[in-house]
Number of protein chains: 2
Amino acid sequence: LRILIVGFGNVGQSLAKLLIRKRGEMKKGKIPEIKVVGILDSKTQVIESEGVNIASALKRKEINGQVGIERRSDFNEILDSSDPDVVVELTRTNPVDGEPGFTHIKEALIARKDVVTANKGPIALGFHALRELASRNSVQLRFSGTVGAGTPILEFGKICATGDEILSLRAILNSTSNYILTMMERNNLNLEEALALSKERGYAEADSRMDISGKDTALKLVIVVNYLLGKRITLDEIYVKGIENIDNSSIRNAIGKKKRIRLVASSGKRYEVKPTELDVSDPLCVYGPMSAIHLRCRFSGDKYLVGPGAGGTETAIAVLRDILYLKGR
Amino acid sequence: LRILIVGFGNVGQSLAKLLIRKRGEMKKGKIPEIKVVGILDSKTQVIESEGVNIASALKRKEINGQVGIERRSDFNEILDSSDPDVVVELTRTNPVDGEPGFTHIKEALIARKDVVTANKGPIALGFHALRELASRNSVQLRFSGTVGAGTPILEFGKICATGDEILSLRAILNSTSNYILTMMERNNLNLEEALALSKERGYAEADSRMDISGKDTALKLVIVVNYLLGKRITLDEIYVKGIENIDNSSIRNAIGKKKRIRLVASSGKRYEVKPTELDVSDPLCVYGPMSAIHLRCRFSGDKYLVGPGAGGTETAIAVLRDILYLKGR
């Protein structure tokens, strides 16, 4: 299986390291052989049809800040010359127009390459267009890593929907804000202090406004609703309120009622993202940098999935899983 | 898709009712057409190659206690004459030798029929033998409903294991004992009173010793460990202690420490099922008739799935899902 990695930030580098650790399993035939035929970052490229030396690429990125020594050429030319089976799109989420990920994915699908991505922008903004493009070109588009990092929220939901029907859902989709709220509770911090702590720990995005404002959660809710509930909603149909105005007195007030404030995304009368008081006995009430989803199913009742919601390695696992599932088809 | 239903107790009848409710979706092509070509109970049969009248079969079972008016003929003859694509084995779990389910499944696989079952006995006792038999005959054996009723514990675990590795697991696999322990906590009942209540609610098995003794949990742990951890363990390798000796003072004692006693199945130094004090903040600490599993994964961390762990309709959903997944291959 030949893969082209597009975008070499935290998740891309984590995937590269993971592939090195998986060599033993590949050699033993436990998982299919995955060969990296190219890696691109924003300015440079390294293309090697016989397989890029991953360790050297990681080293170059670490030392020079760039993965290649060649400047990037035209994306279609790269697709042509590297001839991958799968394009793995891991550039940074752009919530405005999804670029450059959207164009990468679109051109890869048109060139009849399977695509795996962890990039929320293009999937949230162009969900149906990209899925239809994949279908028309008889290739697959997988995006497990866009929601829940390594916690398989989308696959889990799809299983629950099979033969049954998801009536409604509630979810915690931004683990950074969940960590911030937890720290405010536990250590009596204000929002700024908890945010600083989350940056120190590496949880917050470079631009933490995406986390705090609820925008990151809303992007993920669009993906979840379109994929699991079979709807066609867009970002502007979601009512979004972030955690900017949560102060420690509202946190204390909730605790006094055996509740916790969490940034909850939900489907119901309307699609919304907003700070919500959850009972401590509610399985959705999770602590620290976690994601969680609650699905209410017509026939099989209420189900909950909880797991880590962030992290380069965790997201890389979702990407690897998607690549392996492609192979299974 | 032609299915033969073998065993027409709670789950079999729930599946029949579910298929009636799904007719609209089948007609609209949302799910594949599923035609029941035969139903067997322990003494009688109804075989109809053009499709059994499900409503009449349910009615007969309700009125006569038997699904058919014909006495059951030889199982191989039935396979031959009804010519199903899928044999759905739903006879009652026999923890001693897995019969009659084991023979039904074995003969169906030899006759090159796909098999879907919710019967724990044959899968716990003959896991590898039956899987190998299916593989040799190029047919599929699916058994989602054996663990967690409609909560997809096995599928979820398989997803988490893909590309990653499950290092260890803990689980609550018998929702009846979880209900009993919850009632003892909440209503200050002793074991006998809580058991009586669980029978009243229809949660306990006809032979509730399976629930109380931990035997039912152990059967499920064998399935989980063999399927998700790729081991080859048998029932006698599991240390099993039930909840027979839990009294209300130990329940109160745990509550005083902000803990709850739960019947936990786990893999670790050894495979075991035993009453365990869980911290109330542990996501595995669930209340009422629920199942839950905690998977610790090498790369992607700790994940938890929680959902209803019993019920005819819930289990029928797992069976239907398995049937639909067969079709997908």
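Note: the structure precedes this text.
Each value, and the rule that gives it
- Residues numbered from 1 in each chain as written.
- Chains lettered and ligands numbered in written order.
- Predicted model: local features only at pLDDT ≥ 70, side-chain atom pairs only at ≥ 80, totals over all residues.
- Heavy atoms only, no water.
- Helix = DSSP H or I, 4+ residues; strand = E, 2+ residues; numbered from the N terminus.
- Rg over C-alpha atoms; globule rule 2.2 N^0.38 Å.
- Buried < 20%, exposed > 50% of the residue type's maximum accessible area, 1.4 Å probe, protein only.
- Contact = heavy atoms within 4.5 Å.
- Areas by Shrake-Rupley, 256 points an atom, 1.4 Å probe, with all protein chains shown as cover.
- Lys, Arg positive; Asp, Glu negative; His and termini not counted.
- Charge placed at Lys NZ, Arg CZ, Asp CG, Glu CD.
- Least-squares fit on C-alpha atoms with pLDDT ≥ 70 in both.
- Phe/Tyr/Trp six-rings, centres within 6.5 Å; stacked < 30°, edge-to-face > 60°.

## Some details on the overall build of chain A
Assigned secondary structure in chain A consists of 13 helices and 13 strands. Relative to its length of 329 residues, chain A is compact, with a C-alpha radius of gyration of 20 Å against a globular reference of 20 Å. Dimensions of chain A, computed from C-alpha atoms along their principal axes, come out at roughly 60 × 45 × 40 Å. Within the span of chain A, comprising 329 residues, buried residues form 59% of the whole. A fraction of 69% describes how many contacts in chain A between residues 6 or more apart in sequence connect residues 24 or more apart. Surface accessibility of chain A: about 13,500 Å² in total, with carbon and sulfur atoms responsible for 46%. In chain A, which carries 49 positive and 40 negative side-chain charges, the distance between the mean positions of the two groups comes to 4 Å.

## A short note on the relation of the copies chain B and chain A
Superposition of chain B onto chain A requires a rotation of 180° combined with a translation of 0.0 Å along the rotation axis, giving an RMSD of 0.0 Å. Both copies of the chain, as the preceding transformation shows, are related through a two-fold rotation axis. Identified as the residue of chain B closest to the rotation axis by C-alpha distance is Leu305(B), at 2.3 Å. A share of 100% of the interface residues of chain B reappears at the interface of chain A, consistent with the copies meeting face to face through the same patch.

## A few points about the packing of aromatic side chains
Residues and elements named next belong to chain B. All told, the structure shown has 8 aromatic pairs over all chains when counted by the stated rule. With a centroid separation of 5.6 Å and an interplanar angle of 80°, the aromatic rings of Phe127 and Phe143 are classed as edge-to-face. A residue pair is termed long-range when its members are at least 10 positions apart, and Phe127 in helix 6 (residues 120–136) and Phe143 in the loop between strand 7 (141–142) and helix 7 (153–161) qualify at 16 residues. The pair Phe127 / Phe143 is uniform in exposure class, with both members buried. On the basis of an interplanar angle of 70° and a centroid distance of 6.4 Å, the ring pair of Phe127 and Tyr227 is categorised as edge-to-face. Taken together, the residues Phe127 in helix 6 and Tyr227 in helix 11 (residues 215–228) connect sequence positions 100 residues apart.

Taken by themselves, the reported measurements are silent on function.
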